[in-house]
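# Observations on the model geometry
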Amino acid sequence: MGHYAAVWDHKAATEIIKDWNGIDQVLLRNPHGASAKISLHGGQVISWRNELGEELLFTSNKAIFKPPKSMRGGIQICYPQFGDCGLLDQHGFARNKIWVIDENPPPLYSNESTGKSFVDLLLKPSEEDLKQWPHSFEFRLRVSLAIDGDLTLVSRVRNINGKPFSFSFAYHTYLSVSDISEVRIEGLETLDYLDNLSKRELLTEQGDAITFESEMDRTYLRSPKVVAVLDHERKRTYVIGKEGLPDTVVWNPWEKKSKTMVDFGDDEYKSMLCVDGAAVERPITLKPGEEWTGRLMLTAVKSSFCIDQLELQSKGF
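Definitions and cut-offs
- Residues numbered from 1 in each chain as written.
- Predicted model: local features only at pLDDT ≥ 70, side-chain atom pairs only at ≥ 80, totals over all residues.
- Heavy atoms only, no water.
- Phe/Tyr/Trp six-rings, centres within 6.5 Å; stacked < 30°, edge-to-face > 60°.
- Helix = DSSP H or I, 4+ residues; strand = E, 2+ residues; numbered from the N terminus.
- Buried < 20%, exposed > 50% of the residue type's maximum accessible area, 1.4 Å probe, protein only.
- Pairing = 2+ DSSP bridges.
- Core = buried A, V, L, I, M, F, W, Y, C linked by side-chain atoms within 4.5 Å.
- Contact = heavy atoms within 4.5 Å.

## Overview of the packing of aromatic side chains
The final tally for this structure, using the stated rule, is 19 aromatic pairs. For the pair F93 and W133, a centre-to-centre distance of 6.3 Å together with 65° between the ring planes defines the contact as edge-to-face. Of this pair, F93 sits in the loop between strand 5 (75–78) and strand 6 (100–101) while W133 sits in the loop between helix 2 (127–132) and strand 8 (137–146); the two residues are 40 residues apart in sequence, bridging distant segments of the chain. What makes W133 buried here is its relative accessible area of 10%. Plain terms: the ring middles of Y193 and Y220 are 5.1 Å apart, the flat faces sit at 40° to each other, and that makes the pair tilted.

The following block contains the structure:
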(Lines give C-alpha, C1' and ligand atoms only; values in the text may rest on other atoms or scores of the structure.)
Protein backbone atom coordinates (compact mmCIF):
# COMPACT_ATOMS: atom_id res chain seq x y z
CA MET A 1 0.00 0.00 0.00
CA GLY A 2 2.90 2.33 0.77
CA HIS A 3 4.33 1.67 -2.70
CA TYR A 4 1.08 2.72 -4.35
CA ALA A 5 0.92 5.84 -2.23
CA ALA A 6 4.41 6.81 -3.33
CA VAL A 7 3.88 6.43 -7.08
CA TRP A 8 0.15 6.98 -7.46
CA ASP A 9 -0.61 9.66 -10.07
CA HIS A 10 -4.08 11.03 -9.31
CA LYS A 11 -4.31 12.77 -12.69
CA ALA A 12 -3.67 9.52 -14.56
CA ALA A 13 -6.48 7.93 -12.53
CA THR A 14 -8.90 10.74 -13.41
CA GLU A 15 -10.92 10.81 -16.61
CA ILE A 16 -13.41 13.39 -17.91
CA ILE A 17 -16.42 11.94 -19.74
CA LYS A 18 -19.78 13.38 -20.81
CA ASP A 19 -23.30 12.24 -20.04
CA TRP A 20 -26.11 12.18 -22.60
CA ASN A 21 -26.92 15.83 -21.82
CA GLY A 22 -23.36 16.83 -22.67
CA ILE A 23 -22.51 17.58 -19.03
CA ASP A 24 -19.03 16.63 -17.84
CA GLN A 25 -18.55 13.82 -15.38
CA VAL A 26 -15.32 12.97 -13.59
CA LEU A 27 -14.39 9.30 -13.25
CA LEU A 28 -11.96 8.41 -10.46
CA ARG A 29 -10.23 5.02 -10.25
CA ASN A 30 -7.86 3.32 -7.86
CA PRO A 31 -5.30 0.58 -8.66
CA HIS A 32 -7.52 -2.20 -7.30
CA GLY A 33 -10.52 -1.53 -9.55
CA ALA A 34 -12.69 0.66 -7.29
CA SER A 35 -14.18 3.77 -8.87
CA ALA A 36 -16.29 6.86 -8.26
CA LYS A 37 -18.12 9.09 -10.70
CA ILE A 38 -18.96 12.73 -10.04
CA SER A 39 -21.26 14.87 -12.17
CA LEU A 40 -20.59 18.58 -12.58
CA HIS A 41 -24.37 18.91 -12.43
CA GLY A 42 -24.79 19.49 -8.71
CA GLY A 43 -21.27 18.38 -7.82
CA GLN A 44 -23.05 15.08 -7.20
CA VAL A 45 -21.36 11.74 -6.66
CA ILE A 46 -23.47 9.45 -8.83
CA SER A 47 -21.52 6.20 -8.49
CA TRP A 48 -19.17 4.53 -6.01
CA ARG A 49 -18.05 0.99 -6.81
CA ASN A 50 -15.80 -1.35 -4.86
CA GLU A 51 -12.95 -3.41 -6.32
CA LEU A 52 -15.47 -6.09 -7.39
CA GLY A 53 -17.44 -3.55 -9.41
CA GLU A 54 -20.40 -3.64 -6.99
CA GLU A 55 -22.35 -0.37 -6.81
CA LEU A 56 -22.51 0.95 -3.25
CA LEU A 57 -24.77 3.97 -3.84
CA PHE A 58 -28.44 3.80 -4.75
CA THR A 59 -29.86 5.52 -7.83
CA SER A 60 -33.54 5.29 -8.65
CA ASN A 61 -34.49 3.59 -11.90
CA LYS A 62 -36.90 6.51 -12.37
CA ALA A 63 -34.31 9.21 -11.68
CA ILE A 64 -34.53 12.25 -13.93
CA PHE A 65 -31.17 12.99 -15.54
CA LYS A 66 -31.91 16.43 -16.89
CA PRO A 67 -30.96 19.82 -15.42
CA PRO A 68 -32.07 21.67 -13.47
CA LYS A 69 -33.70 18.70 -11.72
CA SER A 70 -31.28 16.89 -9.40
CA MET A 71 -30.90 13.14 -9.83
CA ARG A 72 -32.58 10.93 -7.24
CA GLY A 73 -29.68 9.03 -5.69
CA GLY A 74 -25.94 9.16 -5.14
CA ILE A 75 -24.66 11.88 -2.80
CA GLN A 76 -26.36 15.25 -3.16
CA ILE A 77 -24.90 18.50 -1.85
CA CYS A 78 -27.70 20.21 0.10
CA TYR A 79 -26.72 23.90 0.43
CA PRO A 80 -27.48 26.57 1.57
CA GLN A 81 -30.59 24.89 2.96
CA PHE A 82 -31.42 21.35 3.99
CA GLY A 83 -35.00 20.18 3.57
CA ASP A 84 -37.78 22.72 3.47
CA CYS A 85 -36.95 24.59 6.69
CA GLY A 86 -36.26 27.89 4.93
CA LEU A 87 -37.33 30.17 2.10
CA LEU A 88 -35.53 28.29 -0.68
CA ASP A 89 -36.63 25.24 -2.64
CA GLN A 90 -36.17 21.82 -1.03
CA HIS A 91 -32.48 21.21 -0.16
CA GLY A 92 -31.28 24.54 -1.60
CA PHE A 93 -29.85 25.26 -5.05
CA ALA A 94 -26.29 23.85 -5.04
CA ARG A 95 -27.45 20.39 -6.18
CA ASN A 96 -29.17 21.91 -9.23
CA LYS A 97 -26.26 24.04 -10.48
CA ILE A 98 -23.42 23.32 -12.88
CA TRP A 99 -20.12 23.30 -11.00
CA VAL A 100 -16.69 23.80 -12.56
CA ILE A 101 -13.43 21.93 -12.07
CA ASP A 102 -11.16 23.96 -9.80
CA GLU A 103 -7.70 23.72 -11.35
CA ASN A 104 -5.89 25.64 -8.61
CA PRO A 105 -7.70 25.25 -5.28
CA PRO A 106 -6.29 26.49 -1.98
CA PRO A 107 -4.37 23.66 -0.31
CA LEU A 108 -6.03 21.13 1.96
CA TYR A 109 -4.21 19.32 4.74
CA SER A 110 -1.69 16.94 3.23
CA ASN A 111 -3.38 13.58 3.89
CA GLU A 112 -6.35 14.61 1.74
CA SER A 113 -4.40 13.86 -1.46
CA THR A 114 -1.67 11.33 -0.62
CA GLY A 115 -2.31 8.03 -2.38
CA LYS A 116 -5.73 9.12 -3.66
CA SER A 117 -7.33 9.99 -6.97
CA PHE A 118 -9.38 13.14 -6.56
CA VAL A 119 -11.09 16.09 -8.20
CA ASP A 120 -11.68 19.61 -6.95
CA LEU A 121 -14.91 21.39 -7.89
CA LEU A 122 -16.02 24.98 -7.40
CA LEU A 123 -19.41 26.69 -7.18
CA LYS A 124 -19.97 30.44 -7.07
CA PRO A 125 -23.42 32.09 -6.98
CA SER A 126 -24.95 33.33 -10.20
CA GLU A 127 -26.99 36.52 -10.44
CA GLU A 128 -30.09 34.34 -10.25
CA ASP A 129 -28.81 32.71 -7.06
CA LEU A 130 -28.06 36.09 -5.47
CA LYS A 131 -31.62 37.22 -6.10
CA GLN A 132 -33.07 34.35 -4.06
CA TRP A 133 -30.20 34.14 -1.52
CA PRO A 134 -28.22 37.43 -1.47
CA HIS A 135 -24.90 36.19 -0.08
CA SER A 136 -21.61 35.87 -1.97
CA PHE A 137 -19.66 32.68 -1.34
CA GLU A 138 -17.13 30.26 -2.75
CA PHE A 139 -17.98 26.59 -2.30
CA ARG A 140 -15.09 24.21 -2.92
CA LEU A 141 -15.64 20.45 -2.97
CA ARG A 142 -12.97 17.76 -3.12
CA VAL A 143 -14.05 14.20 -3.85
CA SER A 144 -11.33 11.59 -3.40
CA LEU A 145 -11.04 7.83 -3.79
CA ALA A 146 -8.37 6.12 -1.69
CA ILE A 147 -6.22 3.06 -2.39
CA ASP A 148 -8.47 1.02 -0.09
CA GLY A 149 -11.63 2.22 -1.85
CA ASP A 150 -12.76 4.70 0.81
CA LEU A 151 -14.67 7.68 -0.55
CA THR A 152 -14.11 11.12 1.02
CA LEU A 153 -15.90 14.42 0.37
CA VAL A 154 -14.52 17.66 1.78
CA SER A 155 -16.64 20.81 1.45
CA ARG A 156 -15.25 24.28 2.13
CA VAL A 157 -17.58 27.28 2.14
CA ARG A 158 -16.01 30.75 2.34
CA ASN A 159 -17.91 33.97 3.01
CA ILE A 160 -16.75 36.57 0.47
CA ASN A 161 -19.72 38.74 1.39
CA GLY A 162 -19.55 42.04 3.25
CA LYS A 163 -21.74 40.73 6.05
CA PRO A 164 -22.30 37.46 7.96
CA PHE A 165 -24.59 34.75 6.62
CA SER A 166 -25.96 31.47 7.91
CA PHE A 167 -26.75 28.19 6.15
CA SER A 168 -27.69 24.60 6.78
CA PHE A 169 -26.02 21.71 4.98
CA ALA A 170 -26.11 17.96 4.36
CA TYR A 171 -24.41 15.28 2.31
CA HIS A 172 -27.67 13.59 1.23
CA THR A 173 -26.25 10.05 0.89
CA TYR A 174 -28.29 7.27 -0.72
CA LEU A 175 -26.79 3.91 0.30
CA SER A 176 -27.60 0.73 -1.62
CA VAL A 177 -28.91 -2.02 0.67
CA SER A 178 -30.25 -5.52 0.07
CA ASP A 179 -33.50 -5.24 2.05
CA ILE A 180 -34.32 -2.33 4.37
CA SER A 181 -36.02 -4.70 6.83
CA GLU A 182 -32.68 -6.49 7.28
CA VAL A 183 -30.66 -3.30 7.96
CA ARG A 184 -29.78 -1.63 11.24
CA ILE A 185 -27.84 1.48 12.22
CA GLU A 186 -25.49 1.50 15.20
CA GLY A 187 -24.05 4.59 16.89
CA LEU A 188 -27.19 6.70 17.36
CA GLU A 189 -28.53 4.97 20.48
CA THR A 190 -29.94 7.18 23.29
CA LEU A 191 -29.62 10.38 21.20
CA ASP A 192 -32.20 13.11 20.97
CA TYR A 193 -33.72 13.52 17.52
CA LEU A 194 -36.19 15.68 15.64
CA ASP A 195 -39.01 13.62 14.14
CA ASN A 196 -39.62 15.32 10.80
CA LEU A 197 -42.81 13.30 10.34
CA SER A 198 -44.28 14.90 13.49
CA LYS A 199 -43.57 18.61 12.99
CA ARG A 200 -39.96 18.22 14.19
CA GLU A 201 -41.03 16.96 17.62
CA LEU A 202 -38.02 16.41 19.90
CA LEU A 203 -37.78 12.76 21.01
CA THR A 204 -35.13 10.41 22.40
CA GLU A 205 -33.97 7.22 20.65
CA GLN A 206 -34.95 4.24 22.80
CA GLY A 207 -33.68 1.24 20.82
CA ASP A 208 -30.35 -0.56 21.02
CA ALA A 209 -30.03 0.01 17.27
CA ILE A 210 -32.20 1.64 14.64
CA THR A 211 -34.24 -0.78 12.51
CA PHE A 212 -36.91 -0.11 9.90
CA GLU A 213 -40.57 -1.12 9.83
CA SER A 214 -42.17 2.07 8.44
CA GLU A 215 -41.36 5.50 7.02
CA MET A 216 -38.56 7.29 8.88
CA ASP A 217 -37.33 10.89 8.65
CA ARG A 218 -35.26 11.89 11.67
CA THR A 219 -32.50 14.37 12.47
CA TYR A 220 -30.29 12.99 15.24
CA LEU A 221 -28.71 15.83 17.20
CA ARG A 222 -25.11 16.10 18.39
CA SER A 223 -24.40 12.70 16.88
CA PRO A 224 -21.02 10.94 17.11
CA LYS A 225 -18.37 11.29 14.44
CA VAL A 226 -18.94 7.72 13.29
CA VAL A 227 -22.02 5.54 12.71
CA ALA A 228 -22.32 2.12 11.08
CA VAL A 229 -25.01 0.78 8.75
CA LEU A 230 -25.14 -3.03 8.89
CA ASP A 231 -26.67 -4.91 5.95
CA HIS A 232 -27.09 -8.47 7.22
CA GLU A 233 -28.24 -10.08 3.98
CA ARG A 234 -25.39 -8.63 1.92
CA LYS A 235 -22.89 -9.13 4.76
CA ARG A 236 -21.72 -5.57 4.27
CA THR A 237 -21.25 -2.67 6.68
CA TYR A 238 -20.99 0.97 5.74
CA VAL A 239 -18.93 3.03 8.17
CA ILE A 240 -19.82 6.72 7.92
CA GLY A 241 -17.40 9.23 9.41
CA LYS A 242 -17.94 12.98 9.56
CA GLU A 243 -16.30 16.18 10.80
CA GLY A 244 -17.84 19.64 11.09
CA LEU A 245 -21.30 18.06 10.82
CA PRO A 246 -22.99 17.74 14.21
CA ASP A 247 -26.20 16.06 13.03
CA THR A 248 -27.12 12.81 11.29
CA VAL A 249 -30.27 12.57 9.17
CA VAL A 250 -31.86 9.14 8.61
CA TRP A 251 -34.52 8.77 5.90
CA ASN A 252 -36.47 6.04 4.19
CA PRO A 253 -39.79 6.92 2.48
CA TRP A 254 -41.37 3.44 2.86
CA GLU A 255 -44.25 2.28 0.70
CA LYS A 256 -46.88 5.02 0.86
CA LYS A 257 -44.60 7.99 0.21
CA SER A 258 -42.67 6.12 -2.48
CA LYS A 259 -45.84 5.98 -4.57
CA THR A 260 -46.14 9.78 -4.49
CA MET A 261 -42.65 10.49 -5.89
CA VAL A 262 -42.47 10.67 -9.68
CA ASP A 263 -38.71 9.99 -9.78
CA PHE A 264 -38.80 6.98 -7.44
CA GLY A 265 -40.10 3.45 -7.96
CA ASP A 266 -42.96 2.15 -5.82
CA ASP A 267 -40.84 -0.63 -4.28
CA GLU A 268 -37.41 1.02 -4.36
CA TYR A 269 -37.60 2.00 -0.69
CA LYS A 270 -36.64 -1.62 0.04
CA SER A 271 -33.19 -1.22 -1.52
CA MET A 272 -32.06 2.19 -0.24
CA LEU A 273 -31.36 4.12 2.93
CA CYS A 274 -30.26 7.73 3.37
CA VAL A 275 -27.84 8.46 6.22
CA ASP A 276 -26.62 12.05 5.96
CA GLY A 277 -23.86 13.89 7.72
CA ALA A 278 -25.52 17.26 8.29
CA ALA A 279 -25.65 20.62 10.06
CA VAL A 280 -29.36 21.28 10.44
CA GLU A 281 -30.48 22.09 13.97
CA ARG A 282 -28.05 24.98 14.42
CA PRO A 283 -27.18 26.68 11.12
CA ILE A 284 -23.55 27.51 10.45
CA THR A 285 -22.76 31.23 10.57
CA LEU A 286 -19.75 32.69 8.77
CA LYS A 287 -18.41 36.19 9.27
CA PRO A 288 -16.87 37.97 6.23
CA GLY A 289 -13.73 36.10 5.20
CA GLU A 290 -14.43 33.05 7.39
CA GLU A 291 -14.45 29.49 6.01
CA TRP A 292 -16.27 26.36 7.16
CA THR A 293 -15.15 22.81 6.41
CA GLY A 294 -17.36 19.71 6.48
CA ARG A 295 -15.88 16.28 5.81
CA LEU A 296 -17.57 12.95 5.05
CA MET A 297 -15.79 9.61 4.71
CA LEU A 298 -17.50 6.42 3.57
CA THR A 299 -16.03 2.95 4.04
CA ALA A 300 -17.65 -0.33 2.98
CA VAL A 301 -16.39 -3.46 4.74
CA LYS A 302 -17.39 -7.10 4.56
CA SER A 303 -19.49 -8.99 7.14
CA SER A 304 -20.44 -7.63 10.55
CA PHE A 305 -18.53 -4.72 11.94
CA CYS A 306 -18.49 -3.07 15.34
CA ILE A 307 -17.37 0.51 15.79
CA ASP A 308 -13.77 0.04 16.91
CA GLN A 309 -12.14 3.29 17.95
CA LEU A 310 -8.67 2.03 17.01
CA GLU A 311 -9.86 1.30 13.48
CA LEU A 312 -11.40 4.75 13.24
CA GLN A 313 -8.32 6.49 14.61
CA SER A 314 -6.27 4.84 11.87
CA LYS A 315 -8.55 6.52 9.35
CA GLY A 316 -8.13 9.95 10.82
CA PHE A 317 -11.17 10.27 13.16
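So that's the structure; there's more coming.
## With respect to the sheet that holds strand 16 (residues 236–243)
The strand order across the open sheet formed by 8 strands is 6-7-8-9-19-16-15-11, and the pairing between neighbours is antiparallel. At either margin of the open sheet sits one strand with a lone partner, and together these are strand 6 and strand 11 (183–186). In this structure, strand 11 lies alongside strand 15 (residues 226–231), joined through 4 bridges in antiparallel fashion. Bridge assignment links E186 to a residue of strand 15, and that residue is A228.

## Things to note about the nonpolar core
Formed by 68 residues in total, the largest nonpolar core has its most connected members in I77, Y79, F139, L153, F167, F212 and L273. For this core, the element with the highest residue contribution is strand 18 (residues 272–286), accounting for 7 residues. Among all residues touching I77, those that are not within four sequence positions of it are G42, G43, H91, A94, R95, W99, F139, L141, L153, F169, A170 and Y171. C78, F82, V249 and V280 belong to the second-largest nonpolar core, a separate cluster that totals 6 residues.

## Examining the side chain of E186
Mapped onto the elements, E186 comes out in strand 11. A residue is classified by how much of its surface remains accessible, and E186, at 18% relative accessible area, is buried.

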